[in-house]
Amino acid sequence: MNTAPLLTLENVTVDFDGFKALTDVSLSLAPQDLRVLIGPNGAGKSTLCDTIIGRVRPTSGRILFKNQPITALPEQDIVRRGICRKFQTPGVLPSLSVMENLLVSARKNRAWWLAFSSSPPAAEQERAEEILETIGLTDRRETLAGSLAHGEKQWLEIGMVVATDAELLLLDEPTAGMGPQDTQRTADLILSLVGRHAVLVIDHDMSFVEALNGYTTVLHQGQILREGTVSEIRADAAVEAVYLGRAKEDVA
Ligand SMILES: Nc1ncnc2c1ncn2[C@@H]1O[C@H](COP(=O)(O)OP(=O)(O)OP(=O)(O)O)[C@@H](O)[C@H]1O
């Protein structure tokens, strides 16, 4: 069995003109792993994703993907190697149908002549159908993405990330703006992806984090405060003090 990590961060520090957004962050993710990243506002969660995908450069430290250093690579090369990120706000193409959005996304990383050829190969079409089913939008395949409901747009965007066939999916607040029902459905969707992909999810919603029930890393002021199962994190006094206590106040 291959136990080599898919992604490794070694002592990653990010300094924005004297402000340390991340300090000595080390973590590793196995292939097909689920990792949940939580922490207060400004803890450095998005910066961590930006650094993995090459949008922000670490001041020091290393990032390895499949045992190869990716720290200094341009973002498009990192994407080509198999990491894909979904942002907080849906980035669907509003004037294309749900199906077209998936096909465009599947072809983004292919040769230009493939991306512009008129009919997608059967295998691509088949894979897009499979993803439509996974994201629960089969009956919306011809709907323009711009007219989908908010939750549906988020699911389509998750589908677009999946369509790139990336081995590592970075999902930044996939439940932003969702009610409890859509949040649960998003958790089910993400759980259905684990096993085919490794998934790193950032979120604030503890009901969602509990539904995912994955190994969880708590960031606080740019450093890893704790790592553990959701119940270990729930029971941790330091996490309660800096994050969960405040999260409860936010809800109240
Ligand atoms: N380009 C930048 N230049 C300077 N400071 C930045 C930059 N990007 C982020 N920061 C700062 O780094 C800190 C971490 O920000 P980041 O967005 O990573 O936190 P976060 O945990 O994702 O927060 P939230 O939950 O609010 O999205 C914040 O104090 C932020 O203001």
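Only a predicted model underlies this, so the values are computations on that prediction, with no experimental measurement involved.

Visitor: Could you give me a rundown of the environment of Pro31, with the residues and numbers involved?
Guide: Within the fold, Pro31 resides in the loop between β2 (19-29) and β3 (34-38). In this structure the C-alpha to C-alpha distance between Pro31 and His150, which are 119 residues apart in sequence, comes to 30 Å.

Visitor: Can you tell me about the pairing of strand β1 (residues 7-16), naming the residues and giving the values?
Guide: Bridge count for β1 against β2 is 7 bridges, and the pairing is antiparallel. From the neighbouring strand, Val12 faces β2, where its bridge partner is Val25. Linking β1 to β2, which pair antiparallel, is a turn of 2 residues; within it Asp17 sits at a positive phi near 50°. Relative to strand β4 (residues 60-65), β1 runs antiparallel, the two sharing 5 bridges. What sits directly across from Thr13, in β4, is Ser60.

Visitor: Got a sec to walk through unusual backbone geometry? Specific residues and values, please.
Guide: The residue Asp24 is not glycine, and still its phi comes out positive at about 55°. With respect to the secondary-structure elements, Asp24 resides in strand β2. The exposure class of Asp24 is partly exposed, given the 15 C-beta atoms found within 10 Å. If you check the backbone angles, Glu173 has positive phi at about 50° while not being a glycine. Inspection of the secondary structure assignment puts Glu173 in the loop between β7 (168-172) and α7 (180-193).

Cut-offs used in this document
- Residues numbered from 1 in each chain as written.
- Predicted model: local features only at pLDDT ≥ 70, side-chain atom pairs only at ≥ 80, totals over all residues.
- Helix = DSSP H or I, 4+ residues; strand = E, 2+ residues; numbered from the N terminus.
- Pairing = 2+ DSSP bridges.
- Buried ≥ 20, exposed ≤ 12 C-beta atoms within 10 Å, placed from the backbone.

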